[in-house]
Amino acid sequence: MADQSELVAQINKLKTQRNAIILAHNYQLPEIQDMADFLGDSLGLSRQAAATDAEVIIFCGVHFMAESAKLLAPDKTVLMPDVAAGCPMADMITAQQLRDFKAAHPGAPVVAYVNTTAAVKAESDICCTSSNAVAEVCSLPEEPILFVPDVNLGEWTQEQVPEKKIVLYPGHCAPHLNIRPEIIQRLKQEHPDAAVIVHPECVKEVRDMADVVTSTGGMVRFARETDVAEIIVGTEKGMAYRLQKENPDKTFYPIEQALCPNMKKTTLPKVLNALKNMTGEINIPPDVVDKARQSVERMIELG
Ligand code: 13P
Ligand code: SF4
């Protein structure tokens, strides 16, 4: 089997031949993070997809992220090295379930976390990520506002804008629910000078123990700017690799229990295979593509 540097060399050669760009989420395996052209959070990756001149986007992340890239770059070929890399939270609400939710709250607009299928985005008014959920909710004058599917991001958003009436849907992220308050408590005892940063997908009890609640992109900025030398990283464990690499003078403590198996499905041999054979192409069902794009574009336009 080819070693990693040989695989990366082959990937880079094919990437040039195909005029491709490799986008990777912050939770990807270290070797994927190291060879990506752009590493980022959901919002950053969407923006990158919308702006690229490349003809092919190799998307190293989970399915809803690659779908967002395709919605924003419809003329590009978007390939996933492993199309089975899904997000179980995104599968917690179907288009029919959202229609039923809307029927129970007539006239209420819907903010959909990007962690949803294109079919659900098509039933929504605007999308959001964890970096802009508050701004997206505030952009809607109507009330109440339906927020799907993550109950924890929705609850955290509600806490930031208590004047808005938000109706939550009971979706969740299992890897983030594994970040139990006892784990944070123990790490705080072991590292009393450490700052605690957590993702808004964590439960309230964990969020309330944190110094900062933010998206993975927000964590990158916080780690760069803070004077604190030790940081407990309350999100998927892959995040700590990037933070440690970019801030070698600081120490980061990952939560070992917070593992997203889908984020680890993308490997170097699968990236090479996608580039070689142009496999794993993302196509959005034609009946939902236009409406789903409107929801994502509205989010991007809002800034
Ligand atoms: P970010 O948008 O913060 O990168 O989060 C994406 C995600 O899937 C969190 O579990
Ligand atoms: Fe989905 Fe959670 Fe994995 Fe993010 S960490 S992709 S929300 S399952």
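See the structure printed just above.
It should be emphasised that the depicted structure is a prediction, and the values quoted were computed from it without experimental measurement.

Visitor: I tried to follow the side chain of histidine 25 on my own but got confused; where do I start?
Guide: Residue placement: histidine 25 occurs in strand β1 (residues 20–25). Given a relative accessible area of 3%, histidine 25 falls into the buried group.

Visitor: Sorry, what's going on with the pairing of strand β5 (residues 110–113) here?
Guide: Walk down a regular strand and you will see the side chains alternate between the two sheet faces. Residues Val110 and Ala112 line one face of β5 and the alternating positions Val111 and Tyr113 line the opposite face, and both faces are buried. Pairing between β5 and strand β6 (residues 126–128): three bridges, direction parallel. The partner of tyrosine 113 across the bridge, within β6, is cysteine 128.

Visitor: Which parts of the structure should I look at to understand the pattern of salt bridges?
Guide: A side chain of one charge can pair with a side chain of the opposite charge when the charged atoms of the two come close. Overall, the coordinates contain 14 salt bridges when judged by the stated rule. For arginine 207, the salt bridge identified is with glutamate 155, shortest N-O distance 2.9 Å. Here glutamate 155 lies in helix α8 (residues 151–160) and arginine 207 lies in helix α11 (residues 204–207), a separation of 52 residues in the sequence. Residue arginine 207 is classed as buried on the basis of its relative accessible area of 3%. Classification of glutamate 155 by relative accessible area gives partly exposed; the value is 27%. Lysine 264 serves as the salt-bridge partner of glutamate 236, at 3.1 Å between the closest nitrogen and oxygen. Here the residue glutamate 236 occupies a position in the loop between β11 (230–234) and α13 (239–246), and lysine 264 occupies one in the loop between β12 (251–254) and α14 (268–277), the gap between them amounting to 28 residues. Both residues of the pair, glutamate 236 and lysine 264, count as buried. Overlapping salt bridges bring together Glu155, Glu159, Lys204, Arg207 and Asp208 as one network.

Visitor: Would you mind going over the site of ligand 1 with me for this structure?
Guide: The environment of ligand 1 is made up of His25, Tyr27, Asp41, Ser42, Met65, Asn115, Ser130, His176, His199, Glu201, Ser215 and Thr216. Contacts to ligand 1 include asparagine 115, whose side-chain N or O atom sits 3.4 Å from an oxygen atom. Side-chain polar atom of glutamate 201 to an oxygen atom of ligand 1: 2.9 Å apart, as the coordinates give it. With the chains in place, 96% of the 300 Å² that ligand 1 exposes on its own is no longer accessible. Residues that form the shell around ligand 1 fall into these classes: two nonpolar, eight polar and two charged.

Visitor: Got a minute to help me understand the site of ligand 2 in this structure?
Guide: For ligand 2, the full set of nearby residues is Tyr27, Val62, Cys87, Pro88, Asn115, Cys173, His176, Glu201, Cys260 and Met263. Looking at the shell around ligand 2, its residues break down into seven nonpolar, two polar and one charged.

Visitor: Is there a simple way to explain unusual backbone geometry in this structure?
Guide: Trans is the common state for peptide bonds, and a negative phi is the common state for residues other than glycine. The peptide bond linking glutamate 143 to proline 144 adopts the cis configuration, its omega dihedral lying at -5°. Within the secondary structure, proline 144 sits in the loop between α7 (133–138) and β7 (145–148). For the bond running from valine 148 to proline 149, omega is -15°, close enough to zero to count as cis. Looking at where proline 149 falls in the secondary structure, it is placed in the loop between β7 and α8. Of note in this structure, asparagine 19 is not a glycine but carries a positive phi near 55°. Structurally, asparagine 19 can be placed in the loop between α1 (4–18) and β1. Despite not being glycine, methionine 278 has its phi angle at roughly 50°, a positive value.

Visitor: What is the right way to read the sheet that holds strand β8 (residues 166–168) from this model?
Guide: The strands making up a sheet associate through hydrogen bonds between their backbones, and the pairing can be parallel or antiparallel. One open sheet holds the four strands; their spatial order is β6-β5-β7-β8, and the pairing between them is parallel. Each edge of the open sheet is held by one strand with a lone partner, namely β6 and β8. On average, adjacent strands in this sheet sit at an angle of 30° to one another, irrespective of strand direction. Taken strand by strand, helix α5 (residues 95–104) contacts β5, β7 and β8, and its axis lies near 155° from that of β7.

Visitor: Looking at this model, I keep getting lost on helix α10 (residues 181–190). Mind explaining?
Guide: An α-helical segment advances 3.6 residues per turn. Residues three or four places apart therefore align on the same side. All buried positions along α10 are accounted for by Pro181, Ile183, Ile184 and Leu187. Looking down the long axis of α10, one finds its buried residues gathered within 160° of arc, a one-sided arrangement. Away from its buried face by more than 90 degrees, α10 exposes Glu182 and Gln189. Residues of α10 that are buried sit in contact with β9 (195–198), α11 and β11.

Quick notes on the rules
- Residues numbered from 1 in each chain as written.
- Chains lettered and ligands numbered in written order.
- Predicted model: local features only at pLDDT ≥ 70, side-chain atom pairs only at ≥ 80, totals over all residues.
- Heavy atoms only, no water.
- Helix = DSSP H or I, 4+ residues; strand = E, 2+ residues; numbered from the N terminus.
- Buried < 20%, exposed > 50% of the residue type's maximum accessible area, 1.4 Å probe, protein only.
- Pairing = 2+ DSSP bridges.
- Salt bridge = Lys/Arg side-chain N within 4 Å of Asp/Glu carboxyl O.
- Near = heavy atom within 4 Å.
- Polar contact = N/O pair within 3.5 Å; in protein donor to acceptor, adjacent residues only side chain to side chain.
- Areas by Shrake-Rupley, 256 points an atom, 1.4 Å probe, with all protein chains shown as cover.
- Nonpolar A, V, L, I, M, F, W, Y, C, P; charged D, E, K, R; others polar.
- Axes fitted to C-alpha atoms, helices over the stretch in contact; angles between N-to-C directions.
- Contact = heavy atoms within 4.5 Å.
- Arc of directions from axis to C-beta.

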